[in-house]
Amino acid sequence: MYCLLECPQIAVACFATFLLTIPVAQAKPSSARVARQVDNVLAVALFDESTSLAPRCDDATYIRRVWLDTVGDIPPPETVLEFVIDPSAKKRKRDVRKLLQNPHYGKNWARYWRDVIFYRRIEDRALLASPAMVADLTQRFNNNVGWDKIATEFMTATGDVRNNGGTAILMAQAAMTEQTTAEVARIFLGLQIGCAQCHDHPYDRWKREQFHELAAFFPRVGVRPVRTDTKRSFEIYANNSPKNRRAKAKGRPQREHFMPDLENPKAPGTRMQPKFFLTGASLPLGTSDAERRQQLARWFTENRWFATAMVNRMWSELVGEGFYESVEDIGPERQAKAPTAIRLLSNQFRASGYDLKWLIETICQTNAYQRESRPRRDPKDIPFTANVPQRLRADQLFTALVSVLEIDEKNLPPRRRKPSQAGLVDTRKSARPAFNRLFGYDPSVAREDVAISIPQTLALMNGLQVNRVIRGTGKNTMLGRLLADVAGEEALIEELYLRCLSREPTSSERSLAFAYRNEIVRDTNYARRMAYEDLLWALINSTEFQYRK
Amino acid sequence: MKVSNPLQRHMQVSVQQGQVVSRRDFLRHASVAGMTASTLNITDVLSASTESLRTRGMACILLWMQGGPSQFETFAPKPEHENGGETRAIGTNVSGIQIAENMPRCAQVMQDLAVLRSLTSREGNHQRATYLLHHGYLPLGGVKFPTLGAHVADQIGNAACQLPSYVRVGGRLANAGGGGFLGVDYDPLVLQSAQKPPANTKLTTSAQRTARRLQLLNSLQDDFAASAGAQIVADQRKLVQQAMTMIRSPHMEAFDLQHEPQSMRDAYGEGEFAAGCLLARRLVEQGVTFVEVSLRGWDTHQDNFSRTRQLAAQTDQPLAQLITDLKQRGMLDRTLVIWMGEFGRTPRINPRGGRDHYPKAFSGVLAGGGIQGGQVIGRTNSAGAEVVDRPIGVNDLFTTIYHTLGIDARHENTSRIGRPVKLVDGGEVVQELFS
C-alpha cells in the first residue's frame, strides 16, 4: 500500500494515483455536491429502512449550532428571529458562508488549536508562546490559508516564541526530539507513533526503529532563553554544527538523532537516518535542519493521513463523533465507520487545497450535521443518525456569557461591548484565562470522557462574579436595562429565553416561568426584579445553555 | 452481608445508621419534580446527626510520586553496588532494615511502614504507566475503567459524609482517571492546591432564595432531560446535589488548613505536598474515603542525586508525620496509606547523572489499614536490576489494596457496553502484610 521508495518524487507520484486527486489548480469542488455525496455514501454504508434517523433540526437550533461551531458565540436574539422568519431556502448555506467571513471564526478555531497544542505541554513556561500562536493562527484562519501551509509553518518554525506563533508545538514540547516527533504525528496525521518510542507498538504496525527514524528529522532544533532589557522569552533555533555530538541535553540541538540502547543506556545508541515511516522516503545524514523539517512537512502534507486526520477531527467536532473513534488515534490499523465517506471527504478536502472554510461549509451542509441532537449513542447503535450535544469549550462558554449578559470582557464596569473588537484581544484584565483554567478541557480527548465538575458547577451557580452580572438593578446590567425597557411579563420571559437559549420558551416553560414570577411577587417580599434574576440565573446554569444542541 | 449493588449498599448503610436515605440514593430515587426542595431538608437532617456517623469505616490516602521515584534514593538503597551511586543507607528503628539517607524521618516510623521492594511491571511510558498504577488496567479502547479512588469510593464510600468521597489534591495529572463507567458522582473533587479551599462555597444569596433557584433550574431542564440532554442533565443534577450538600456542610472547615494549630502545620513541614498530607488527614477525619496527593518532579533523567535529595526532603517529613498523626488519633488502623509512583528508575546511572524509566523492579510503601509494618517485602539482586524474591505485579498490588480496605477485588461491575469488569484482573493478596 505504501511506496517504499527512497526517491521522494517517485513516492509522491505513486501516492497521488492512490489518492485519485484532482489537481489543486482546478476549481474547488462544490461544497453542496460533496455534502450530498457524503450523505449518500453514509446512507448506503450505514442505514436501512428500519434506521431511526433524527429529523432535520429547526432553524433556531441550526442558527445557534452553526454560530457556536464557526464563530464560537451564541447568536443575538434579533439574529435568531431574522433567521427563523427568513423564507429563503438557501439561508442555512448562506449564513455559514457569512459567518466564515466573520473575524471571530479565526479566533474561535485558533483557540481550539491552542488547547490542542498546550494541553499537552511539558512545562508551563511553554504558555509564553500561546498569545502569539492564537494571534497568528487567527489571522491564518481568517485569511483562509491552507491547512498544509499552516502545518508546514508549525513544523518548520524558528524564532522568538512571543513573536512567531508557529513555534508553539516545538515550545510546548521544549523542542525535545522524541516528544516533538510524537506530537506532530499525533496532531497532523492523527497517528500514535509515540508509543513506539520505547517498544514496538503493541497494537500497531509501527516499529521502534521507525519512530526514531522519524525523530531524526528533529535533532538539530532546540529551545533557549533570550533576554533583552525589557522582556524574557525563549526562541526556537537550529544549530547545524553543535559541539555535543552525542547525548542530547534537554532541548539542545544535536547533530544526529540516536536511538537509545534499552539494554545499555550508557551506550551512545544507534545513529538514525531521517526516514518517513509512511512512505519510506528518506534524507541523508548530515542534511541541514531547515531542509529536514521542510522536507518532512512536504511529506506529511502530501500524505493521505494528513487530510484524513483533519477531516475526522472537524467532522467529530461538528457532527459529534468521528469516523474514527479517537481524533488522535487513526491509521491503517483502525476501523473507520463508513470508510468510503471519510475517504471521499478527505480526497475532496485535499482537492480543495486543504481549504478549511470549504471543509466546514461542506460538513455544515450535510444532513448528518443538520439532524436534531440525541444523547450520545450506545456503541452498538448505528452512528451518525443524529447530531450530538457538545459541551461548549471554555472559550465558547465564556464568550456566550459575555454576549448574553452584555458585559465587557475586560471586567470593567459592565457596558455594551463593541462588536468590532470584543473578544478579539486577550488582555490581562480579562477574566477569560481564569475561566479557561476552570472550564477548559483537552479537545483531543473523547468528548464523553470530559465530565463537568463540582468546582465548575459552583462557579456558575454560586460565583460572586456571576451573581453580580445577572443583577437586575439599575441600568448597568443587561437585565436592568431589559426590565426598564420591557413592560410585559410574557415578552420579558421570551426575551430571556431567546437571549440565553436562542429559542422561544415552550408553552409549559412559559407558564412555569410566569407562575414562578407570580409566586415570588405574591408569596414573598421579593421584587419582580428578583424573579427575573432567578430566571436568568437558572437559564445560564442550565445544561442547554452550556451545550450546543 | 455483601450487597453488590451500590444503591442497595448505600441504602443499607443509611438504614443501619438510622438515616432516611443518602444523598446519592436520594438522587437516584427522587422524582424529578420537587427534588431540590425536599433534598434541602434531608441535608439538614444529615448535618444534624453526622457527627456520630463520621470517621467510621476504612479510608485510603494515596501519595502519588509523579514521574517515577527512584527506589535507590528512597526506600531501596544499594550502597554496596556501583548502581547505588552516592546515596548512602541509614538504619531505621526496626533492626535490620535500612533505607536511603534521604528519608531520615521515615526511618523513625519504620515500625509502621511496609516497604515493597519487588514491584514489577512492563510499562515504561509515563502516560500508560500512570494509567496502569491508577486503574490496575492498561487503557483499553471502549472501556472507561474507573480509577482506584473511584472504585474505593463506590465500594466503601461513606454515604453519610457530606463531602465528596473522593478528593484529589493537585491539578494537572494526566491519565490518573476518574469515575469512568461508575459515573460523574465518582469523579474526584480536584483541588488545585491544598492551601486553597474550594472556591465559591459561600452562598451568594439567602438559603431560601438559593433553594427556590435550584428548584426552578431543576424544572426548567425537564424538556432537555427528556430529549437530547438525558445523560447531561442527569449528570448535572448529581453534581449540583453534591456541590450543594458539600457547601452547606459544617465539615467544609476540613478544607481550611488555617484551622490547624501552627504546631501541627509545622510538624508536617513546608510546601504544597506537606499541606496536601495534612489536608488528607483532615478530610479522612471528616469521613472522606479516598484522598490522593501528588508530588511532581520525580522524572530525574539528569542530576538524579541532587534532585531526588530535594524531592525526598519534600516527602520524608510529611509522610512520617502523616503516619504519626494518624496513629495518635487512632485512625491509622483504618486508614491505608500508599506511597508510590508509576515506575522506578534504572539501576545504571546515565551519562547525565540521571536515571531513566525502570518498571522492571521498583519500590512502594504501604502503611496503616491493619497491615503489619516494620517489614520489607521482596528483594532485588545486588545490582537492583532484577527481582530475585517475591515479585509483586500491579494486579497483586491492587488486589492487596482492595483486600486491605475490605473490598472484594473480584467484584464485577458492568461497563457501559454491558461487559463485566472485575476491580482487578488476576493477582494475589500479598499475605505477608497481614502476618
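Residues numbered from 1 in each chain as written. Chains lettered and ligands numbered in written order. Predicted model: local features only at pLDDT ≥ 70, side-chain atom pairs only at ≥ 80, totals over all residues.

Another aspect to go through is the overall build of chain B. Within chain B, the secondary structure is distributed over 13 helices and 17 strands. If you take every contact in chain B between residues at least 6 apart in sequence, the share linking residues at least 24 apart comes to 72%. (Helix = DSSP H or I, 4+ residues; strand = E, 2+ residues; numbered from the N terminus. Contact = placed C-beta atoms within 7 Å.)

If you tally the helices and strands in chain A, you get 25 helices and 7 strands. Expressed as a percentage of its 549 residues, the buried residues of chain A come to 49%. (Buried ≥ 20, exposed ≤ 12 C-beta atoms within 10 Å, placed from the backbone.)

A word on the interface of chain A and chain B. Across the contact, 40 residues belong to chain A and 48 residues belong to chain B. Sorting the residues of the side of chain A that touches chain B by element identifies α19 (454–462), α20 (464–469), α23 (507–523), α24 (528–540) and α25 (543–546) of chain A as the ones contributing at least two each. A per-element tally of the side of chain A that touches chain B places α19(A) first, with 6 residues. For the side of chain A that touches chain B, a count of residues per class yields 20 nonpolar, 10 polar and 10 charged. (Nonpolar A, V, L, I, M, F, W, Y, C, P; charged D, E, K, R; others polar.)

Another aspect to go through is unusual backbone geometry. Most peptide bonds adopt trans geometry, and most residues besides glycine take a negative phi value. All names here are of chain A. The phi dihedral of A174 falls on the positive side, at around 55°, and the residue is not glycine. Residue position: A174 is located in the loop between α9 (168–172) and α10 (177–189). Accessibility expressed as a C-beta count within 10 Å gives 18 for A174, which makes it partly exposed. Even without being glycine, S502 reaches a positive phi, approximately 55°. By the secondary structure assignment, S502 is in the loop between α22 (489–501) and α23. For S502, a count of 30 C-beta atoms within 10 Å corresponds to the buried category.

Residue and element names in this part refer to chain A. Direction of pairing for strand β1 (residues 159–160) relative to strand β3 (residues 232–238): antiparallel, over a ladder of 2 bridges. Across the sheet, residue G159 finds its bridge partner in β3, namely I236. Joining the antiparallel neighbours strand β2 (residues 221–227) and β3 is a turn of 4 residues. (Pairing = 2+ DSSP bridges.)

The next thing to look at is helix α13 (residues 394–404) of chain B. All names here are of chain B. Burial analysis of α13 places 10 of its 11 residues in the buried class, the great majority of the element. Along α13, the residues classified as buried are V394, D396, L397, F398, T399, T400, I401, Y402, H403 and T404. Looking at the buried residues of α13, the elements they touch are β4 (113–120), α5 (126–135), β8 (335–341) and β15 (392–393). Among the residues trailing α13, G406 stands out with phi positive, at a value near 75°.

Bringing the nonpolar core into the picture now. Within the largest apolar cluster, 251 residues are counted, with the highest numbers of intra-cluster contacts made by M171(A), L535(A), V291(B) and I338(B). Excluding its chain neighbours within four sequence positions, the residues that come into contact with V291(B) are I61(B), V167(B), V169(B), A280(B), L283(B) and V284(B). (Core = buried A, V, L, I, M, F, W, Y, C linked by C-beta atoms within 7 Å.)

What follows is about the pairing of strand β7 (residues 290–295) of chain B. Residues and elements named next belong to chain B. Of all 6 residues that make up β7, 6 are buried, and the element is covered over most of its length. Of the two faces of β7, the one lined by F290, E292 and S294 and the one lined by V291, V293 and L295 are each fully buried. For strand β1 (residues 59–65) and β7, the ladder comprises 6 bridges, and the chain directions are parallel. Residue pairing across strands places I61 opposite V291, the latter belonging to β7.

Our focus in this paragraph is the confidence of the model for chain B. All names here are of chain B. Predicted confidence across chain B gives a mean pLDDT of 87, with 86% of residues reaching 70 or more. Across residues 1–55, confidence stays below pLDDT 50; counting only partners more than four residues off in sequence or on other chains, it has 68 contacts. Both scores are available for the predicted complex, with the pTM at 0.84 and the ipTM at 0.87. (pLDDT = per-residue confidence, 0-100.)

It is worth spelling out the packing of helix α13 (residues 304–319) of chain A against helix α15 (residues 356–365) of chain A at this point. Relative orientation and spacing of two packed helices are given, respectively, by the angle between their axes and the distance between those axes. Residue and element names in this part refer to chain A. As a packed pair, α13 and α15 sit with axes 10 Å apart at the nearest point and diverge in direction by 45°. One finds that α13 runs oblique with respect to α15. Where α13 crosses over α15, the handedness of that crossing is right-handed. On the side of α13, the interface is formed by V311, M314, W315, L318 and V319, while α15 contributes L359, I360, I363 and C364. The residue inventory of the contact of α13 with α15, partitioned by class, reads 9 nonpolar, no polar and no charged. (Axes fitted to C-alpha atoms, helices over the stretch in contact; angles between N-to-C directions. Parallel < 35°, antiparallel > 145°, perpendicular 65-115°, else oblique. Left-handed = near helix turned anticlockwise from the far one by under 90°.)

Glancing now at the sheet that holds β3(A). The antiparallel open sheet is built from 3 strands, whose spatial order is β1-β3-β2 (chain A). Edge positions in the sheet fall to β1 and β2 of chain A, since each has one partner strand and no second.

Residues and elements named next belong to chain A. Predicted confidence across chain A gives a mean pLDDT of 88, with 88% of residues reaching 70 or more. Segment residues 1–24 is flagged for pLDDT under 50; beyond a separation of four residues in sequence, or across chains, it makes 31 contacts in the model. Between residues 412–428, whose pLDDT stays under 50, and residues either more than four places distant or in other chains, the model counts 24 contacts.

The subject of this paragraph is the environment of V311(A). Within the element layout of this structure, V311(A) appears in helix α13. Not counting residues up to four positions away in its chain, the partners in contact with V311(A) are I342(A), L345(A), S346(A), F349(A) and L359(A).

This part takes up helix α17 (residues 394–405) of chain A. Residues and elements named next belong to chain A. Between its first and last C-alpha atoms α17 spans 16 Å; for 12 residues at 1.5 Å apiece the expected length is 16 Å, and the two agree. With 12 of 12 residues buried, α17 is to be regarded as a mostly interior element. Looking at α17, one finds that the buried residues are A394, D395, Q396, L397, F398, T399, A400, L401, V402, S403, V404 and L405. Of the residues trailing α17, E406 is marked for its positive phi of about 50°. (Expected span 1.5 Å × (residues − 1).)

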